[in-house]
Amino acid sequence: MLICENINKIYKKKEYQIIGIFTIAIVVLLYSYNYFANTFPYSDGWFVNYVELLKNGNVPYRDFFYYLPPLNLLIDSVFWELSFGYLLAFRAWYLLERILLYILVYRLLCRFFSPQKALLATCISTVLCTADDFDFFGDYNQNVAVLAVLITYFAVDFVQHEAVKNKKKSLFLAGIILGLMFLTKQTIFIACGIVFFLLLIYFCVLERDKNIGKYIFSTAIGVVIPILICIVILIYQGALLQCIDQLFTSSEGKGSLFDILVTHFVMTLKNKVAWIFAIMMCEICWLGNKRSIVKMKLFNKIILIGMNLLGAVYILYKTEFLRKIIKLISSHYWVLPTIVVLLMIFIVTVRSDIIEQNRKILLLVMMTVITGVCVLVMFSPRIYHAIYNMKIYYVIFGYFSNIIFYFLIMLFIYLIIQNVRKKKVIEKQNEIIMIAAGGLALNYATTMAAGLTTMASNSMRISLPLVLSIIFSLEFFDKKISECFKTMVLLICIIGITACISQKSVTAYPWWGMKDKPKEEKIYTIDDIKYLKGFKFSKEDKEMYEEFTKLISDNTSEDDIIFGFPYIKIYNILCERYNTYFVPVFWYDVVGDKYVDILVDELNDNLPQIVIWYDIPGAIETHEAIYRNGKYLEQRKIVELFDEVLTTKYECLAEYNDMYLYKLQE
């Protein structure tokens, strides 16, 4: 009888997981529908431009500068080949990769949490992890996240297996993933290498496992296999030394090696408000599971409450939260009723007797309300503009990712210490440590490239689902307090989701000063240009793409160089003009000074036939402040050169807002 019950539980869990997989796919597709086909930044297409150079017989690193390891170019080449010349189809492949990413996260969490709670945490994360100005469908950041989840899988398997043979197999597979990371992005290879190597030593010492040498050897063999294959190919193509120089030696755009490895990470730890909030969250989670809090002395209780009140006052003061709430209520008539409704949900939720009797009905009602609110926000310009103008998006996500990051750091350290003390505080403690390590490694890798005090939301693709799963699984000694805390977290997430929807509706991609228009203005399609079929543009952008493409095609041949500054490569694709200088795309933060100087020399020797110039005020200065401590970028030489020649040797053919099209005079 017991065996039959266990089999039924397994089948029921599998059924839940299948439902969960479809639910995640639907959530990602519905949310992405809001900005998938109507967002087309001017910088789009640079990755396809590299692929076309490859197809034309050019070798990366040898024949053109490429700032990423080669696996990204291989992935882009496969996706572009399967897209048959449609940029929208190319984007769709990366949308499928995003769905796969969150399914992997969900399946990982289901091994240690209930499928329902893992599903809720993952679905929330699919939205909140897009809360970046630069979130887009398809780039190396998403490839990195997929690999981070995969290596976490094998790290978890390592601590679960008891036989040395199985442990070595898991580490060999983890090593292969680590090798693929080396070929995808330098930062994730370093981050995962450091974090998981230290944990390997930690567990071997803790468990007195003398096979550490075998484990390291198995991992190293896995790492070497993909890297060795790549090295052989690069040697055969005569591009190995150039690859090493472009990827590892010339990295001045991001600052010094110390800045990349240490300074940028330290900067993300300076958010005092987020630290206080995270500490208060940890305190609630820890004390909520301690019955001894009831017996705590009155003096200690007063000290504890006083410290929390001081922390809350500091948060309210630094964020000006109360002033902003009052301003919102006075300027938007619907805010006060919304707050009342949320409070009613909150009060109903903490009534444990109601919950126990009508849990499924209440859950269904809440999910229906959440879905209805999201749909209402998504399809009502008046509402999503109002929410966006409240600046909720920037208030929440100026702290939200950092709070989750700090919370996970403290949880990770706490579990490590409890392991040393031989105390088990949660189920599957070692496995949770490994998942947390995967999340922190992805966070660390992102900070290396970011150089900001705010943790990027796209780095939370493991950390956020894990933290939410833990919070939703907590059972406090007082059920009302437990439900109260979980409901507060859920309501904050709902507010964050509506903020994300509003931001993607109003200005989906305002990256480095690029301007984007609200989606209600993007209703026009371009049928005459195959590459752009399926996308929706504003009237002005539609006219710009059509006119610029026609003018460039009429005034150039296939051998002419189309030069887009600072990173405008879309017209090379639309007009099929792939002749280029050695540096095709000169992003401010990734092109080394040496290669900018090479480009300047090439420009002096041979000016391009067409120049597309996009003015982004303050972009260069911002990069210099963030990454170079104020030291001038070499790209300023390009600006100085064209400041002179555009007025003397070029004629302006067209102009749209800050975008100019110039032709070299005969």
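Residues numbered from 1 in each chain as written. Predicted model: local features only at pLDDT ≥ 70, side-chain atom pairs only at ≥ 80, totals over all residues. Heavy atoms only, no water.

Focus on the pairing of strand E4 (residues 659-664)
- The buried fraction of E4 is high, at 6 of 6 residues.
- Pairing between strand E2 (residues 610-614) and E4: 5 bridges, direction antiparallel. In the sheet register, Ile612 faces E4, and the bridge partner there is Leu661.
- Note that strand E3 (residues 650-656) and E4 share 6 bridges and pair antiparallel. Bridge assignment links Glu651 to a residue of E4, and that residue is Lys663.
- Between E3 and the antiparallel strand that follows it, E4, lie 2 residues; Asn657 among them carries a positive phi value of about 50°. (Buried < 20%, exposed > 50% of the residue type's maximum accessible area, 1.4 Å probe, protein only. Helix = DSSP H or I, 4+ residues; strand = E, 2+ residues; numbered from the N terminus. Pairing = 2+ DSSP bridges.)

Comments concerning the side chain of Asn49
- Mapped onto the fold, Asn49 is located in helix H2 (residues 46-55).
- Taking the relative accessible area as the measure of exposure, Asn49 reaches 2% and is therefore buried.
- In contact with Asn49, other than residues within four places in its own chain, are Lys569, Asn572, Ile573, Tyr578 and Pro584. (Contact = heavy atoms within 4.5 Å.)

With respect to the nonpolar core
- Grouped together as the largest cluster of nonpolar side chains are 220 residues, with contacts concentrated most on Leu199, Tyr545, Phe563, Tyr571, Ile612 and Phe642.
- Element by element, the count of residues in this core is highest for helix H4 (residues 87-110), at 15 residues.
- Filtering out sequence-adjacent residues up to four positions away, Phe563 remains in contact with Tyr581, Phe586, Leu599, Leu603, Pro608, Ile610, Val611, Ile612, Ile638 and Phe642. (Core = buried A, V, L, I, M, F, W, Y, C linked by side-chain atoms within 4.5 Å.)

Looking at the packing of aromatic side chains
- Tallied over the full model, the rule gives 43 aromatic pairs.
- Centre to centre, the rings of Tyr50 and Tyr66 are 4.8 Å apart; their planes meet at 80°, and the pair counts as edge-to-face. A residue pair is termed long-range when its members are at least 10 positions apart, and Tyr50 in helix H2 and Tyr66 in the loop between H2 and helix H3 (70-81) qualify at 16 residues.
- A residue is classified by how much of its surface remains accessible, and Tyr50, at 1% relative accessible area, is buried.
- With centroids separated by 4.3 Å and ring planes inclined at 15°, the aromatic side chains of Phe565 and Trp613 adopt a geometry described as stacked. Taken together, the residues Phe565 in strand E1 (residues 562-565) and Trp613 in strand E2 connect sequence positions 48 residues apart. Grouping residues by exposure puts Phe565 and Trp613 together as buried.
- The lysine or arginine in question, Lys504, covers the ring of Tyr35, its NZ or CZ lying 5.3 Å from the ring centre.
- The ring centre of Phe379 lies 5.6 Å from the NZ or CZ of Lys519, which sits over that ring. (Phe/Tyr/Trp six-rings, centres within 6.5 Å; stacked < 30°, edge-to-face > 60°. Lys NZ or Arg CZ within 6 Å of the ring centre and 35° of its normal.)

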